Amino acid sequence: MDVSCAFPTALSTPDDIVVAEELGFKRAWVYDTPQQSPDVWMTLARAAERTDRIGLAPGVLVPSLRHPMVNAAATATLAALAPGRVAVSFGTGFTGRRAMGYRAITWSYMEDYIRAYRGLLRGDIVEWEGARMRMLHPDGHAPARPVDVPVLIGALGPKGHRVAKELGDGLYVTLQLPEFMSEYSWVPYLVWGTVLDEGERTDSEHARLAAGPGWALAYHGAHEFGGPAAVRALPGGAEWLDVVERTPPELRHLAVHTGHCVELGEADQAAWQAGGHEMLREVTMSGTPEQLRQRLDDVAARGVTEIVFQPCGPDTRAELGRFHDAVTA
């Protein structure tokens, strides 16, 4: 299994990718979350100029955030800066849309978008929003077409599966592992967590800082996909809801997603203190090195081909190093 990493895009991300390359990670995936992050393409371009080997990939792009020509041109630019190292993944938009108050895009829109995007990279004339267009970049402005970059698609259900099988080169998964992923030869699986010392409690300060932001996704996802009843079913869920529901409904998405994948928000802190940390091992890739290797064996048997670890906490280098050492020993 390939061992890769991911980062919620920050000004420090190019430095973090340099560290990841030094430690031996296969690829760095960088989030497209403009409501809380600097630009994903600018960040990857800075990383490309400072690295030599590590793969570079936005994971995942949300189509509605940019015109397909914009993403095609950015992809071509990154491919010129880091030839042979670029991949691209698309998703319907969890944080990238929901944290701004939108719902996920439809799969029909995703299908049309990826067809246009891939056509542009091939050098085709494509139609988008009633207009015909083609990449017109002269020599020196982008690589010659076709620009051959693998495209992965984040999908959990049958509609996404159909689009991924028809238009994708792989399946990018997180939060859940769909049964159909065994049909793909390339399946990165995005996880959060930390390497715990033998006997370390799930409510340790290290666990809270390093794995807490990933653990909090259980509440964010439950609220978005299942509503308040799904959150109440979780340990500490009532306390989490008490904080979130102080915010007016039209602004509640801001309370849900504050600190998403980076730090614990106020509601997350309330759930943690109420005992929610007890499910840390269940909802994140947290455990001793031996436990982590067993879990990776389990997900590999189900079809995962690339583990993608997002470090959290104040010491990114230490978290990356501990995880890489634990799972490659």
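The following refers to the structure shown. (Residues numbered from 1 in each chain as written. Predicted model: local features only at pLDDT ≥ 70, side-chain atom pairs only at ≥ 80, totals over all residues. Heavy atoms only, no water.)

What about the packing of aromatic side chains?
Scanning the model with the defined rule gives ten aromatic pairs in all. When the centroid spacing of 5.7 Å and the interplanar angle of 75° are considered together, the rings of Tyr 109 and Trp 128 count as edge-to-face. Of the two residues, Tyr 109 is situated in helix H5 (residues 107-122) and Trp 128 in strand S5 (residues 126-128); the sequence distance between them amounts to 19 residues. Owing to a relative accessible area of 30%, Tyr 109 belongs among the partly exposed residues under this scheme. A residue is classified by how much of its surface remains accessible, and Trp 128, at 8% relative accessible area, is buried. Every member of this aromatic cluster is reached through a ring pair, and the members are Phe 90, Tyr 109, Tyr 113, Tyr 117 and Trp 128. The side chain of Lys 165 reaches across the aromatic face of Tyr 184, ending 5.1 Å from its centre. (Phe/Tyr/Trp six-rings, centres within 6.5 Å; stacked < 30°, edge-to-face > 60°. Helix = DSSP H or I, 4+ residues; strand = E, 2+ residues; numbered from the N terminus. Buried < 20%, exposed > 50% of the residue type's maximum accessible area, 1.4 Å probe, protein only. Lys NZ or Arg CZ within 6 Å of the ring centre and 35° of its normal.)

Points about the pairing of strand S7 (residues 151-154)
Neither face of S7 is open: one carries Val 151 and Ile 153, the other Leu 152 and Gly 154, and all of them are buried. Where strand S4 (residues 88-90) meets S7, three bridges bridge the pair, whose relative direction is parallel. Within S7, the position partnered with Val 88 by the bridge is Val 151. Alignment of S7 against strand S8 (residues 170-174), held across three bridges, turns out to be parallel. Within S8, the position partnered with Gly 154 by the bridge is Tyr 172. On the question of chirality, the crossover connecting S7 to the parallel S8 by way of helix H6 (residues 158-167) is right-handed. (Pairing = 2+ DSSP bridges. Right-handed = clockwise from strand over helix to strand, strands pointing away.)

Considerations on the pattern of salt bridges
A side chain with one charge may pair with a side chain of the opposite charge, provided their charged atoms come close. In this structure the tally under the stated criterion is 17 salt bridges. Ionic pairing is found between Arg 66 and Asp 32, a salt bridge with its closest N-O pair at 2.8 Å. Separated by 34 residues along the polypeptide, Arg 66 in the loop between strand S3 (55-58) and helix H3 (68-81) and Asp 32 in the loop between strand S2 (27-30) and helix H2 (40-48) bring together distant segments of the chain. In this structure Arg 66 comes out as buried when scored by relative accessible area, which is 13%. (Salt bridge = Lys/Arg side-chain N within 4 Å of Asp/Glu carboxyl O.)

Topic: the pairing of S3
Side chains of S3 alternate between two faces, with Gly 55 and Ala 57 and Leu 56 and Pro 58 buried alike. In this fold, S2 hands off to H2, which returns the chain to S3; that crossover is right-handed.

Some words on unusual backbone geometry
Put simply, Gly 59 and Val 60 share a cis peptide bond, and its omega is 5°. Within the secondary structure, Val 60 is located in the loop between S3 and H3. Residue Arg 145 is joined to Pro 146 through a cis peptide bond whose omega torsion reads 5°. By secondary structure assignment, the location of Pro 146 is in the loop between strand S6 (131-133) and S7. Phi is positive for Leu 175, which is not a glycine, with a value near 70°. Tracing the sequence through the fold places Leu 175 in the loop between S8 and strand S9 (188-192). Classification of Leu 175 by relative accessible area gives partly exposed; the value is 45%.

A look at the packing of H3 against H5
Contact geometry for H3 and H5: axes closest at 9 Å, N-to-C directions at 45°. One way to sum up the angle between H3 and H5 is to call them oblique. Of the two elements, H3 crosses H5, and the hand of that crossing is right-handed. Facing Pro 68, Met 69, Asn 71, Ala 72 and Thr 75 of H3, the residues of H5 in contact are Tyr 113, Ala 116, Tyr 117, Leu 120 and Leu 121. Among the residues making up the contact of H3 with H5, the classes are represented as eight nonpolar, two polar and no charged. (Axes fitted to C-alpha atoms, helices over the stretch in contact; angles between N-to-C directions. Parallel < 35°, antiparallel > 145°, perpendicular 65-115°, else oblique. Left-handed = near helix turned anticlockwise from the far one by under 90°. Contact = heavy atoms within 4.5 Å. Nonpolar A, V, L, I, M, F, W, Y, C, P; charged D, E, K, R; others polar.)

Some words on the sheet that holds S2
Read across the sheet, eight strands follow the order S3-S2-S1-S10-S9-S8-S7-S4 without closing on themselves; strand pairing throughout is parallel. Each edge of the open sheet carries a strand with a single partner, namely S3 and S4. In this sheet, adjacent strand axes meet at a mean angle of 25° when their direction is disregarded. Here strand S1 (residues 2-7) pairs with strand S10 (residues 306-310) via four bridges, running parallel. If you follow Ser 4 over to S10, its bridge partner there is Val 308.

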